[in-house]
Amino acid sequence: MVFFQAVKPEFTIFAAIINRSNYRSMKKPAKYIFVTGGVTSSLGKGILAASLAKLLQMSGYRTTIQKLDPYLNVDPGTLNPYEHGECYVTDDGAETDLDLGHYERFLNVPTSQANNVTTGKIYETVIQRERNGEYNGKTVQVIPHITDEIKRRLSLIGDEGKYDVIISEIGGTVGDIESLPYIEAIRQFRYDYGEEHCLVIHLTLVPYLQAAGELKTKPTQHSVKSLLQSGIQPDILVCRTEHKLPMEVRTKIARFCNVTLDSVIENANASIIYEVPFLLAKEHLDVVVMRKLGMKKKTEPDFSYWKNFIATMKNPSDEVTIGLVGKYVELHDSYLSISESLTLAGPRHELKINIEWIHSEDITVENDDRLLGHLDGILVAPGFGSRGMEGKILAARYARLHKIPYLGICLGMQIAVVEFGRNVVGLADCYSTEVKEKAKNPVIYLMPSQKEVTQLGGTMRLGSYNCNLKEGSKVQLAYGEKKIQERHRHRYEFNNKFQKEFEAAGMQMVGHNPETGLVEIIELADHPFFIATQFHPEYKSTVENPHPLFIAFVKAAHVRKESLSE
Ligand code: GLN
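Throughout this description, residue numbers start from 1 for each chain and increase along the sequence as written. Residue-level local features of this predicted model are given only where pLDDT is at least 70; pairs of side-chain atoms are given and counted only at 80 or more, and the full residue set underlies all totals for whole chains, interfaces and linings. Here the side-chain values reflect all heavy atoms present in the structure, with hydrogen atoms and water set aside.

Colleague: Tell me what's going on with the sheet that holds strand β17 (residues 441-446), and back it up with residues and numbers.
Modeller: If you walk across this open sheet you meet the 3 strands as β16-β17-β20, and the pairing is mixed. Looking at strand neighbours, the two that pair on one side only are β16 (430-432) and β20 (492-494), the edges of this open sheet. Strand-to-strand twist in this sheet, taken as the mean axis angle between neighbours without regard to direction, amounts to 25 degrees. The sheet contacts of helix α17 (residues 411-425) involve β16, β17 and β20, and relative to β16 the element is tilted by about 170 degrees. Should DSSP find at least two bridges between two strands, the strands are taken to pair. Put simply, DSSP marks the helices as runs of H or I at least four residues long and the strands as runs of E at least two long, and each gets a number from the N terminus on. Axes, fitted as lines to C-alpha atoms, cover a helix only where it is in contact. Angles between the N-to-C directions of the axes lie from 0 to 180 degrees. Two residues qualify as a contact provided that any one of their heavy atoms is within 4.5 Å of a heavy atom in the partner residue.

In structure tokens:
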């Protein structure tokens, strides 16, 4: 309630009148769906948003999802993966929350800078405006200035005219101090923009108490109450539960939380996240959403591809084991897009993919056989800094010597180059300058464009760049084309001074950036599948289009497995 008192009435009412008449005159304003979370974190707001978006997309609506993160970091690029999981990169080079990866994998449509807003970004903009004197000497406050900036960011994505529906997911849990400005901004936005074009879905938990033998609705009631205190009545309640929601529980929730009975949606645990759209469709979430927003199905959803894909996932003909070597393996979310890309590629060859998480610091010359010998494929993950680097180098060496299919991503390419330089080309003191600045043979070094950079956030080589593939190479066969675009996130690169020597020794440079000549892909001539990329293929793998390199990699792993069992 504090927020309502703090509002300067003349300002917001004036702004609201302007906004309302503007939006009212728009012929077909985009629809906004806000997804908030209650009771506890980790209920899966991202998967809910992505699943609903998929259902609406299948019904013929151009849908996108925006994530509003209430932390003060400008973006997650500077966050340690242990803090927040992987940092996902968009085509236009934004370092974003990992939920954007879910959005792209489900929707098969790229996201951009505008799809991820953080409190840090909001404050950065407002403070910059204040420094430029744009507030004409007024006191700059959370309300209205921060909330106005949140509303502006919400509008921006709709004003592009590219989307019929925008789903905005609010990070955190209702009741957190840091989400309050977002909740207030939604309240105002709904009024300004028109209630008929906005919908609030609240994701909540309905826990089962073993001792009482009952599902409990009180946490949901309290969390809705907390939303009501901030002036928002949710339209739909999606209830995470480990048990079926009986009718009396649904009725109770509907009655005590002021929603219609069909707006209480069960969100049961799913063994595969890609099944969630179907489970929610069974609960008619899409139907209720469309009815409330005055939308009609434009096309009959065609689930056939997704159904086949899930059926194959559940009934594979064989399985392969891939070792994922990284230094943040304790938190699997640190490598979310990589593990999902493997999982998504499996069904293309009717394979189930088992991932073995291997800590790079654990690998030594003494135990490499035990840790790596049984694997069908080895993937060395991206990373920064020196910790675990030697273990990664040993993993690449093991894959090369034992002809185990290898996929190296970003740092996974750089360490493969170091290993080859040391052990095949025979270069002494061969390293990446990221670890050893004065190495005699700096086969990986800082890109010239990075030399003057001192600020950490948003300064790497980021986003989509062109790459030309060498005709007849393994990667070119995998892609089936000669020109590709892939996303990047790095500061170091292959030192082209060594290219001739490496090629003569059997490491082919098979992908180059046509504008700068940077090496983007290497592969070994004398190996069934040893491919490593400076870019991140995992950011472009989706349910409908698993990435060609992952498809080729899991296939190679299976071929090896079969050949060993013959
Ligand atoms: N640390 C390396 C670089 O900055 C690799 C980065 C990565 O793996 N994303 O070039």
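What follows picks up the thread again.
Colleague: Quick one: what's the story with the pairing of strand β22 (residues 519-524), residue by residue and with numbers?
Modeller: Under the scheme applied here, a residue whose accessible area is under 20% of the maximum for its type counts as buried, over 50% as exposed, and between as partly exposed, the area being computed with a 1.4 Å probe on protein chains only. Of all 6 residues in β22, 6 are buried, a share of seventy percent or more. By the bridge criterion, 5 bridges tie strand β21 (residues 507-512) to β22 in an arrangement that is antiparallel. Across the sheet, the residue bridging to Met-507 is Leu-524, located in β22. Here β21 folds back onto β22 in antiparallel fashion, the turn holding 6 residues, of which Gly-517 has a positive phi close to 80 degrees. Alignment of β22 against strand β23 (residues 530-533), held across 3 bridges, turns out to be antiparallel. Within the sheet, the bridge partner assigned to Ile-521 lies in β23 and is Thr-533. As consecutive antiparallel partners, β22 and β23 are separated by 5 residues.

Colleague: Explain the site of the ligand to me, and be specific about the residues and the numbers.
Modeller: For this purpose, a residue is taken to be near a molecule or strand whenever a single non-hydrogen atom of the residue falls within 4 Å of it. Around the ligand sit Pro-382, Gly-383, Phe-384, Cys-410, Leu-411, Gln-414, Glu-434, Arg-489, His-490, Arg-491, Tyr-492 and His-536, and that is every residue in its neighbourhood. For the ligand, an oxygen atom lies 3.1 Å from a polar atom in the side chain of Gln-414. Here a polar contact is taken to be a pair of N or O atoms separated by no more than 3.5 Å, where protein atoms must pair a possible hydrogen donor with a possible acceptor and residues adjacent in sequence count only if both atoms sit in side chains. A distance of 2.8 Å separates a nitrogen atom of the ligand from a polar side-chain atom of Glu-434. All accessibility values rest on the Shrake-Rupley procedure with a 1.4 Å probe; residue burial counts only the protein chains present in the view. When the ligand sits alone it has 300 Å² of accessible area, and the protein chains cover 99% of it.

Colleague: Quick rundown of the sheet that holds strand β11 (residues 264-268)? Include the residues and the values.
Modeller: Judged by pairing direction, the sheet is parallel, and its 7 strands sit side by side in the order β5-β2-β6-β1-β7-β10-β11 without closing on themselves. Each edge of the sheet is formed by a strand with only one pairing partner; in this case those strands are β5 (116-118) and β11. Averaged over all neighbouring strand pairs, the angle between strand axes comes to 20 degrees, with direction disregarded. In the packing of helix α5 (residues 99-107) onto the sheet, contacts are made with β2 (63-69), β5 and β6 (165-170), and the angle to β2 comes to roughly 170 degrees.

Colleague: Explain helix α16 (residues 389-401) residue by residue, including any values.
Modeller: Helices are assigned an expected span. That span is 1.5 Å times one less than the residue count. Between its first and last C-alpha, α16 extends 19 Å over 13 residues, near the 18 Å set by a 1.5 Å rise per residue. With 10 of 13 residues buried, α16 is to be regarded as a mostly interior element. Along α16, the residues classified as buried are Met-389, Gly-391, Lys-392, Ile-393, Leu-394, Ala-395, Ala-396, Tyr-398, Ala-399 and Arg-400. Positive phi shows up at Lys-403, right after α16, with a value of about 55 degrees.

Colleague: With reference to specific residues and values, describe helix α6 (residues 119-131).
Modeller: With 13 residues, α6 extends 18 Å between its outermost C-alpha atoms, agreeing within 8% with the 18 Å of an ideal straight helix rising 1.5 Å per residue. Those residues of α6 that fall on the buried side of the exposure criterion are Thr-119, Gly-120, Lys-121, Ile-122, Thr-125, Val-126 and Arg-129. Buried residues in α6 make contact with β2, β5, α7 (142-159) and α8 (180-193).

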